[in-house]
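Inside the fold
Single-letter residue listing:
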Amino acid sequence: MTEKPTRVRFAPSPTGHMHLGSARTALYNYLLAKKTGGKFILRIEDTDQKRYVPGAEQELIDGLHWLGLDHDEGPDIGGPFGPYRQTDRKSIYDEHIQILIGKGKAYPCFCSPERLTSVREEQMKNKEQPHYDGMCRSLEPVEARKRVEAGEKHVIRFKMEKEGKTVVNDLLRGEIILDNHVLDDSVLIKSDGWPTYHFAAMVDDHLMEITHVFRGSEWLGTFPLHANIIRAFGWEEPIWIHLSVFLKPSGKGKMSKRETAEALKDGYSIFVKDMNELGFIPEGLNNWTALMGWGAGETEDVLTMFEMIDKFDIRKLNASPAAINFNKLDYFNGEHIRRLSIDDLAARVKPYFVNEGLVVDEQKLLKVIPIIRERLVTLDDCLPFAAWFFKDSVDFTKEELIAKNMTAAETYEMGVEILDILEGLPELSHSVAEEPLRSYVEKKQLAPNQVFGFLRIAVSGQKVSPPLFESMEIVGKKIVLERVKQALSVLNQENE
Ligand code: GLU
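Read on for a plain summary of the structure. The model shown is predicted, which means the values in this text are computed figures rather than measured ones.

**Topic: the nonpolar core**
Residues Phe-353 and Leu-422 are the most contacted members of the largest nonpolar core, which totals 60 residues. Leu-422 has contacts with Leu-428, Leu-437, Leu-455, Lys-477, Val-480, Leu-481 and Val-484, leaving out every residue within four places of it along the chain. With 51 residues, the next largest nonpolar core counts Tyr-28, Leu-64, Leu-69 and Leu-172 among its residues.

**Here we look at unusual backbone geometry**
Of note, the bond from Gly-82 into Pro-83 is cis; its omega dihedral lies within 30 degrees of zero at -5°. Counting through the fold element by element, Pro-83 comes out in the loop between helix H2 (56-67) and helix H3 (90-102). Phi at Lys-127 takes a positive value of approximately 60°, unusual for a residue other than glycine. Its place among the elements puts Lys-127 in the loop between helix H4 (113-125) and helix H5 (141-149). Residue classification places Lys-127 among the exposed residues on the basis of a relative accessible area of 78%. Backbone geometry at Asn-405 places phi at a positive 60°, although glycine is not the residue there.

**What to know about the side chain of His-336**
With respect to the helices, strands and loops of the structure, His-336 is situated in helix H12 (residues 326-339). In this structure His-336 touches Ile-281, Glu-283, Gly-284, Asn-287, Val-302, Leu-303 and Thr-304, once residues within four positions along its chain are discounted.

**Concerning the site of the ligand**
Taken together, Arg-9, Ala-11, Pro-12, Ser-13, Glu-45, Tyr-197, Phe-214, Arg-215 and Trp-219 make up the full set of residues near the ligand. Here Trp-219 contributes a side-chain N or O atom positioned 3.4 Å from an oxygen atom of the ligand. Across the complex, the protein chains shield 82% of the 290 Å² of accessible surface that the ligand would expose by itself. For the ligand, the cavity whose grid points lie within 2 Å of the majority of its atoms is the largest pocket.

**Topic: the environment of Gly-82**
Looking at the secondary structure, you find Gly-82 in the loop between H2 and H3. The class of Gly-82 is partly exposed, set by a relative accessible area of 35%. It is 16 Å that separates the C-alpha atoms of Gly-82 and Glu-95, two residues lying 13 residues apart in sequence.

About the criteria used
- Residues numbered from 1 in each chain as written.
- Predicted model: local features only at pLDDT ≥ 70, side-chain atom pairs only at ≥ 80, totals over all residues.
- Heavy atoms only, no water.
- Core = buried A, V, L, I, M, F, W, Y, C linked by side-chain atoms within 4.5 Å.
- Buried < 20%, exposed > 50% of the residue type's maximum accessible area, 1.4 Å probe, protein only.
- Contact = heavy atoms within 4.5 Å.
- Helix = DSSP H or I, 4+ residues; strand = E, 2+ residues; numbered from the N terminus.
- Near = heavy atom within 4 Å.
- Polar contact = N/O pair within 3.5 Å; in protein donor to acceptor, adjacent residues only side chain to side chain.
- Areas by Shrake-Rupley, 256 points an atom, 1.4 Å probe, with all protein chains shown as cover.
- 1 Å grid on protein atoms, 1.4 Å probe; cavity = no way out; pocket = protein on both sides within 12 Å on 5 of 7 lines; lining within 4 Å.
- Sits in = over half its atoms within 2 Å of the grid points.

Printed below as a string of structure tokens:
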């Protein structure tokens, strides 16, 4: 692998939400740039005005930032190869299409959409692959120029060689060889004057001195056209890496809209923008997407960004499509959560409590983190485990309080004795409270869960909570006693 500084680009079109596949493409670009001491460029490919979605560019920039994939050059921060938004580069495309026309490698085409439709229909009737029939290919350049200057509506097409073969090379897939006569005279400049992706991206990659192009495998079909455009200019080609697509969990096809909506109900999304709210952290997400298509080692490898940069090797990328496996995302997310420092994790979970309208005592939160972090798969899991720490009161029903294999009256009696023990202790730290409660369990020959289950519900209002003694220590004696008393009064209520 080249160790020379690379220039790589993430070149999304602002046509919708940023997808997980884009997050991975951006990540691979970033890893290669960092690995080689190169530059990671953001280029916005917005020449298709019909598909433009306002706000999508900002979402992409925010997504990259959240993922920790900060770019070195881009429309928001500028750079020496700008502008970085294609709609700001029109004069560059205008100038470059004239170069190709001058070289006899491109030509204006005046065919009307109606004519093109009927040509296509005729070809389909004859079981031919639809293609441009070359009507305007042989127009005299002088004549063509006159018509253009007279304002006649036209597109500009690539003049594909009809003889010979095109050989292109993808780093993951090897050589692809095609007979030139099957390649079309594709449109480079549309009738509205804007370039197609094919033309704009090739010009930009060259002018921005891009060394490696990572892009989706959906571009394999037009890959020979792209190589031919570059060769027509006489430019050097980048290294091409067509990444496989993400398949739905069953491995059969891409996620549909309906499946995407279903996934959201289960707490997963294929859009980066949702991930924070769903409690995923960028470290977990990057690790997960990275290994869908990169054999970094074991597929369960938990890797930090630093380790990924260190290990990244484009020769270890693989071309086969990967099925989305959200259970693995959970795994990586949980693992990375456990690697965060207490302070960092506290800062990241705090907003989830605040969004629930809770007032978070920072000191208490720092004590809560160590006892919940083993259990967190996503950040929002902090709510079921720990929201009760920040509530003034907790709720429980009589039913919930009644200990297993006991009546309400027996539980009440046990509760009174437990209260008595707790009241007699100087404080409710783990070391002070555990021994007397365990001896009580033994003396009374109770099951531990009868005592601790009751206390857990009384103190936290929950059947599942972080470790009981640590939890009691955090809320403190005063509140524990209040809540046990409240539990006793609920147990004492007549059944309705
Ligand atoms: N704008 C293209 C897309 O979003 C980019 C492909 C490329 O990276 O060249 O698919």
